[in-house]
Amino acid sequence: MTDSLLSAPLARLEQRDAFIHRHLGPNADEVARMCATLGVDNLDTLIEQTVPAGIRLEAPLPLAAATPEHEALARLKAIADRNVVNKSMIGMGYYGTHTPAVILRNVMENPGWYTAYTPYQAEISQGRLEALLTYQQMVIDLTGLELANASLLDEATAAAEAMTMARRVSKSKSNAFFIDEACFPQTIDVVRTRAHYFGYELVFGKAEDAALHEVFGALLQYPNARGEVTDLSETIAAAKAKGTVVAVASDLMALVLLKSPGAMGADIALGSAQRFGVPMGFGGPHAAFFATREAHVRSMPGRIIGVSKDARGKTALRMALQTREQHIRREKANSNICTSQVLLANMAGFYAVYHGPQGLRTIAARIHRFAAMLAAGLRDAGFDAGSNAFFDTIEVDTGPRTTAIADAALAAGYNLRRVSDSRLGLSVDETTTREDIAVVLGCFGATTDVDALDARVAQAGGRLPSALLRGDAILAHPVFNTHHTEHEMLRYLKKLQNRDLALDHSMISLGSCTMKLNATSEMIPVTWPEFANLHPFAPREQAAGYLEMIEGLADYLRAITGLPAVCMQPNSGAQGEYAGLVAIARYHASRGDTQRTVCLIPRSAHGTNPATAQMCGMQVVVVDCDDNGNVDVADLKAKAEQHAGRLAALMITYPSTHGVFEESIREICAIVHAHGGQVYMDGANLNAQVGLTSPATIGADVTHMNLHKTFCIPHGGGGPGMGPIALAAHLAPFMADHVVQPTGGAGRANLGQGAVSAAPFGSASILPISWMYITMMGGEGLKRATEVAILNANYLATRLQQHYPVLYTGSQGRVAHECILDIRPIKAATGISEVDIAKRLMDYGFHAPTMSFPVAGTIMVEPTESEDLHELERFADAMIAIREEIRQIENGSWPADDNPLKNAPHTQADFIGEWSRPYSREQAVFPLPWVAENKFWPSVNRIDDVYGDRNLFCACVPMSDYESES
């Protein structure tokens, strides 16, 4: 071997495609063995049997060859270096912050936290559930309300959710919603877009005038965009007396010191948790907080973490109140939200844990001190510094000197906010120093002794009215008062991490959720200061690196989808769905076809699809599926003809949600086009298309792309995600723009279109992950990844089909990248359900596949291309062993109500406690020999969901509850 390498061509020794082999699980020998099991000569034959010939690409993807990891990192670093990271005083909801190093290294950069899945399997998610409960408690304390959810996508979309929640809750017959004119402009932009498609009228005015209008809801900002802090109590009371539901957009750091929205009577409080230790990242990802009164819990959007009990009576946590309700209620859902911002919510909660209430008060007081010093220094220099009551932001009347002052600050390395031609805004934050104050005052021509200024401001006690200071305790729970040394914090984080199963432990075979490798080289750039510390509204010339990277990624996505336009704004898959349907609605409106409001959706579709259509003001018409799980073309045609004059769109997932490449897909798209509709392709399964076919090839007009699935952004335990859309040329003028920061050049086709998310490029700081993945894989590598994903899925389907029927296959007996296993016959015979199998898999060290979606009583398995044959065999062996256990129930060896499946998962308490079950302890916890090698112990037994919903409790439990169980 050494001799052959010494004489090998240099191209072979350079290993420029090495990353492809590191991303893909099976090696060449394993691929050959798997193909033999499937009865095909090679991978090409399998693809011919799986992907219809009529839609396969005729040419390779127009992408460059694979790039080695170190070269890709060097290229991206050179791009990042084009960014100019000034000290930002722009504010507007985005602020400099210090991420504690212990949180940066052990959470944000730790695959044990960022590769975990949404905590649907609560027994193996207790660590992140506890972290999210802590986050909820933090939000409850600071907002003064009774209930908080586990985060939303960003502040602006949270405000839009507050508007629609207000409509659900309010008894007012008005169709109007009031917006404080001093809300952040990006928030107004997003709410305006959302209101239009719900048919709401928007009324703007001063906050104190909210009660003068007949409206079902009102959105107020506190502190407002000008930095002003006023007591809203009387305004809120007067509005509520007229039946108005009042939401207050606020700032968690300000609420450390200020009277809470709850104390002022607000029904809803919302905002961003970004400044609690999460980098600005050119706009995201950041966790939005959302809190309300307990009476409104069933109308609140998003996920809620609640407290329940396990089978032993031990305190255990879970997601409460059918938090996947959009999959159940579909177009009647409260929202289409599917992804939240779990990783970022956890970071924000940990920031509060690490600093504690006194540490947060100190940080908030320092921020206010610097703002007060700026205001005093500017007033000394003869400037009107605006409001006398503020927290961290002031507006200064700079008259004809505005440009000169802003330019002087820019030259000194500071970005100020240009409010108008005669006014500048200045926001200070956790990163501001006394040196910054001196330099910025100097830019205004003020020469000040900073120490003397500080002494004078301190003596005056700041600029917050005493009546608006908090009088209630915050963060009194022990979790916020215990872990203040790094050693304590490190052990706390590790304790929680140990309770969670993530990709660093074993494969997560979730159908439709694609849990593949998130390579370290893809993750490294996220925390580079050039990407992490840029404000989303920084001058465009300072963001040259970001814009180059984003446009480069957009070029990649154009090549992959075959569609010419890309909008990077949606910051989740559900947001991408919304942005895509909004573009379709705008297109029809531009042609005078405002009557086109019918959306055809196959019965098998993701629940987010009908929820999204409803949010866009569309009427959902369900299309049947045939016995093979495909769209019933005859039914589609009949309904397209029936609604031809009103047909707006078809929403379809390809390959289908049933895990099959439907052979009639082009005919389906043609039928819709023939009747005047547009085709929206849900990109949930795009990872089975890349390099083999494309949305443009099948006939789609717009598609969203889950970058957190197909293109390797990690799931983060339930977020972050990104859902950019690709559009045909005729839809490009109707994709989202942004009111504050343009999404393209002055001549962009979409100029002036309303936004769908708070930042112009969504969660921009995680886009380098997908850029790195595509760069390192190259066109051939991406195609190979798709082929191996299909191979792995078909291999598992073949290994398991004798034990669990595969519900749907294509015409040649193949599945796409996932397969649905039918558990219904087993349940009918034994009472063992898909839930029991899911819980038993925990004892084998695996997270369950997707349960009861898209077909109730089934499980959907997707192994991804990153799992090698050894891991696939471990999973197959576990599933087969579980089937043998079920046979023990079928033949009467084990009782139907006392067996390893019904009692799963088994904990250490089971193993060491008294034992009277009809199977052995070893069978319970070490069911196969290899399980003991890397045993993952669930920290709780099966959780009682019904108890949790009947005894709803969604805040931190007393520590004594844990201590009594230890």
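Details of the structure are given in the entry above.
The present account deals with the structure reproduced in this document. Remember, predicted model here, so these are calculated numbers, not experimental data.

1. Section: the overall build of the chain
Next, step 1: Counting secondary structure elements, the chain contains 35 helices and 24 strands.
Next, step 2: Expressed along its principal axes, the backbone C-alpha trace of the chain runs to roughly 85 × 75 × 65 Å.
Next, step 3: Buried residues in the chain amount to 66% of all 966 residues.
Next, step 4: Taken as a whole, the chain presents about 32200 Å² of accessible surface, with 50% of it coming from carbon and sulfur.
Next, step 5: For the chain, the centre of its 80 positive side-chain charges and the centre of its 104 negative side-chain charges are spaced 4 Å apart.

2. A word on the pairing of strand 10 (residues 315-319)
Next, step 1: With 5 of 5 residues buried, strand 10 is to be regarded as a mostly interior element.
Next, step 2: Residues Thr315, Leu317 and Met319 of strand 10 are buried on one face, and the alternating residues Ala316 and Arg318, pointing to the opposite face, are buried as well.
Next, step 3: Relative to strand 10, strand 9 (residues 305-309) runs antiparallel, the two sharing 5 bridges. Its bridge partner being in strand 10, Val307 is matched across the sheet by Leu317.

3. Quick word on a nonpolar patch on the surface
Next, step 1: On the surface, a cluster of nonpolar side chains totalling about 270 Å² of accessible area is made up of Leu5, Leu10 and Leu13.
Next, step 2: Along the polypeptide, Leu10 turns up in helix 2 (residues 10-14).

4. Notes on the nonpolar core
Next, step 1: Within the largest apolar cluster, 251 residues are counted, with the highest numbers of intra-cluster contacts made by Met138, Phe276, Phe350, Phe444 and Ile774.
Next, step 2: The dominant element in this core, judged by the number of residues it contributes, is helix 15 (residues 342-380), at 23 residues.
Next, step 3: With residues near it in sequence (within four places) discarded, Phe350 still touches Ile103, Val107, Trp113, Ala131, Met489, Tyr492, Leu493 and Leu496.
Next, step 4: Ranked by size, the runner-up nonpolar core spans 47 residues in total, among them Met92, Leu152, Met165 and Leu270.

5. Description of the pattern of salt bridges
Next, step 1: Enumeration according to the criterion identifies 46 salt bridges in this entry.
Next, step 2: Note that Asp593 and Arg596 form a salt bridge whose closest N and O atoms lie 3.7 Å from each other.
Next, step 3: Between Asp836 and Arg942 there is a salt bridge; the shortest N-O distance is 2.8 Å. Note that Asp836 is positioned in helix 30 (residues 834-843) and Arg942 in the loop between helix 33 (921-925) and helix 34 (945-950), a separation of 106 residues in sequence.

6. Regarding the environment of Asp397
Next, step 1: Inspection of the secondary structure assignment puts Asp397 in strand 11 (residues 393-397).
Next, step 2: For Asp397, a relative accessible area of 34% corresponds to the partly exposed category.
Next, step 3: Remark: the alpha-carbon pair of Asp397 and Arg423, spanning 26 residues in sequence, is separated by 4.7 Å.
Next, step 4: Apart from residues lying up to four places away in sequence, Asp397 is in contact with Phe383, Asp384, Ser422 and Arg423.
Next, step 5: Looking at Asp397, its side chain comes within polar contact range of the main-chain nitrogen of Gly399, at 3.3 Å.

7. Regarding empty space enclosed by the protein
Next, step 1: Across all of its chains, the model carries 9 cavities of 30 Å³ or more by this definition.
Next, step 2: When its volume is computed, the largest cavity comes out at roughly 320 Å³.
Next, step 3: By residue number, the principal contributor to the lining of the largest cavity is helix 23 (residues 573-590), which donates 3 residues.
Next, step 4: Looking at the lining of the largest cavity residue by residue, the class counts come to 7 nonpolar, 14 polar and 5 charged.
Next, step 5: What the second largest cavity holds in volume is close to 170 Å³.
Next, step 6: Lining the second largest cavity are 19 residues, with Gly93, Tyr95, Phe184, Asp251 and Arg275 positioned closest to its centre.
Next, step 7: Classifying every residue of the lining of the second largest cavity gives 5 nonpolar, 9 polar and 5 charged.

8. Some details on the side chain of Arg470
Next, step 1: Along the chain, the position of Arg470 falls in the loop between helix 18 (450-460) and helix 19 (486-497).
Next, step 2: For Arg470, a relative accessible area of 14% puts it in the buried group.
Next, step 3: Engagement of the side chain of Arg470 in a polar contact is seen with the backbone oxygen of Leu255, the distance being 2.8 Å.
Next, step 4: Separated by 2.9 Å, the side chains of Arg470 and Asp472 make a polar contact.
Next, step 5: With near-sequence residues (within four places) excluded, Arg470 lies in contact with Asp141, Leu142, Leu255, Val256, Leu257, Leu258, Lys259 and Ser260.

9. Remarks on helix 28 (residues 767-800)
Next, step 1: Along its 34 residues, helix 28 runs just 37 Å from first to last C-alpha, ending more than 12% under the 50 Å computed at 1.5 Å per residue.
Next, step 2: Remark: the principal bend of helix 28, roughly 100°, maps to Gly778.

10. A short note on the state of the cysteines
Next, step 1: For the structure shown, the criterion picks out 0 disulfides.
Next, step 2: With no disulfide of its own, Cys567 has Cys616 as its nearest cysteine by sulfur position, at a separation of 13 Å.
Next, step 3: In this structure Cys625 is not part of a disulfide, and its nearest cysteine sulfur, from Cys599, lies 15 Å away.
Next, step 4: A relative accessible area of 22% places Cys625 in the partly exposed class.

11. Structural notes on the environment of Ala32
Next, step 1: Looking at the secondary structure, you find Ala32 in helix 4 (residues 28-38).
Next, step 2: A relative accessible area of 47% means that Ala32 is categorised as partly exposed.
Next, step 3: Sequence-wise, Ala32 and Leu43 are 11 residues apart; in three dimensions their C-alpha atoms are separated by 8.2 Å.

12. Observations regarding the packing of aromatic side chains
Next, step 1: For the structure shown, the criterion picks out 23 aromatic pairs.
Next, step 2: A centroid spacing of 5.7 Å and a plane angle of 35° characterise the contact between Phe177 and Phe216, whose relative ring orientation is tilted. Here Phe177, found in strand 3 (residues 176-180), pairs with Phe216, found in the loop between strand 4 (201-205) and strand 5 (217-222); they are 39 residues apart in sequence, far enough to count as distant.
Next, step 3: By relative accessible area, Phe216 is classed as buried at 0%.
Next, step 4: Arranged with centres 5.6 Å apart and planes meeting at 75°, the rings of Tyr654 and Phe661 form a pair that is edge-to-face.
Next, step 5: Residue classification places Phe661 among the buried residues on the basis of a relative accessible area of 3%.
Next, step 6: One aromatic cluster is present, built from ring pairs that chain together Phe282, Trp528, Phe531, Tyr546 and Phe761.
Next, step 7: Taking NZ or CZ as reference, Lys77 lies 5.9 Å from the ring centre of Trp528, over its face.

13. Considering the environment of Gly645
Next, step 1: Structurally, Gly645 is set in the loop between helix 25 (633-642) and strand 18 (647-653).
Next, step 2: Taking the C-alpha atoms as reference points, Gly645 and Thr187, separated by 458 residues in sequence, lie 35 Å from one another.
Next, step 3: Once you skip the residues sitting within four places of it in the chain, Gly645 turns out to touch Gln595 and Arg596.

14. Quick notes on the sheet that holds strand 3
By way of backbone hydrogen bonds, the strands of a sheet pair with one another, either parallel or antiparallel.
Next, step 1: Taken in spatial order, the 7 strands of this open sheet run 2-8-7-6-5-3-4, and their pairing is mixed. Only two strands of the sheet have a single neighbouring strand rather than two, namely strand 2 (147-148) and strand 4.
Next, step 2: Bridging between strand 5 and strand 6 (residues 245-251) involves 6 bridges; their strand directions are parallel. Each bridged residue has a counterpart across the sheet, and for Gly217 the counterpart in strand 6 is Val245.
Next, step 3: Running at roughly 65° to strand 8 (residues 288-292), helix 9 (residues 126-143) makes contact with strand 2, strand 7 (268-272) and strand 8 of the sheet.
Next, step 4: The strands that helix 12 (residues 233-241) touches are strand 5 and strand 6; relative to strand 6, the one it contacts most, it runs at about 155°.

How each quantity is defined
- Residues numbered from 1 in each chain as written.
- Predicted model: local features only at pLDDT ≥ 70, side-chain atom pairs only at ≥ 80, totals over all residues.
- Heavy atoms only, no water.
- Helix = DSSP H or I, 4+ residues; strand = E, 2+ residues; numbered from the N terminus.
- Buried < 20%, exposed > 50% of the residue type's maximum accessible area, 1.4 Å probe, protein only.
- Areas by Shrake-Rupley, 256 points an atom, 1.4 Å probe, with all protein chains shown as cover.
- Lys, Arg positive; Asp, Glu negative; His and termini not counted.
- Charge placed at Lys NZ, Arg CZ, Asp CG, Glu CD.
- Pairing = 2+ DSSP bridges.
- Patch = residues over 30% accessible without salt bridge, like charges linked within 9 Å, V, L, I, M, F, W, Y side chains within 5 Å.
- Salt bridge = Lys/Arg side-chain N within 4 Å of Asp/Glu carboxyl O.
- Core = buried A, V, L, I, M, F, W, Y, C linked by side-chain atoms within 4.5 Å.
- Contact = heavy atoms within 4.5 Å.
- Polar contact = N/O pair within 3.5 Å; in protein donor to acceptor, adjacent residues only side chain to side chain.
- 1 Å grid on protein atoms, 1.4 Å probe; cavity = no way out; pocket = protein on both sides within 12 Å on 5 of 7 lines; lining within 4 Å.
- Points joined across faces, edges and corners; volume = space filled by probe spheres on them.
- Nonpolar A, V, L, I, M, F, W, Y, C, P; charged D, E, K, R; others polar.
- Expected span 1.5 Å × (residues − 1).
- Bend = angle between axes of the 7 residues up to and from the residue.
- Disulfide = S-S within 2.5 Å.
- Phe/Tyr/Trp six-rings, centres within 6.5 Å; stacked < 30°, edge-to-face > 60°.
- Lys NZ or Arg CZ within 6 Å of the ring centre and 35° of its normal.
- Axes fitted to C-alpha atoms, helices over the stretch in contact; angles between N-to-C directions.

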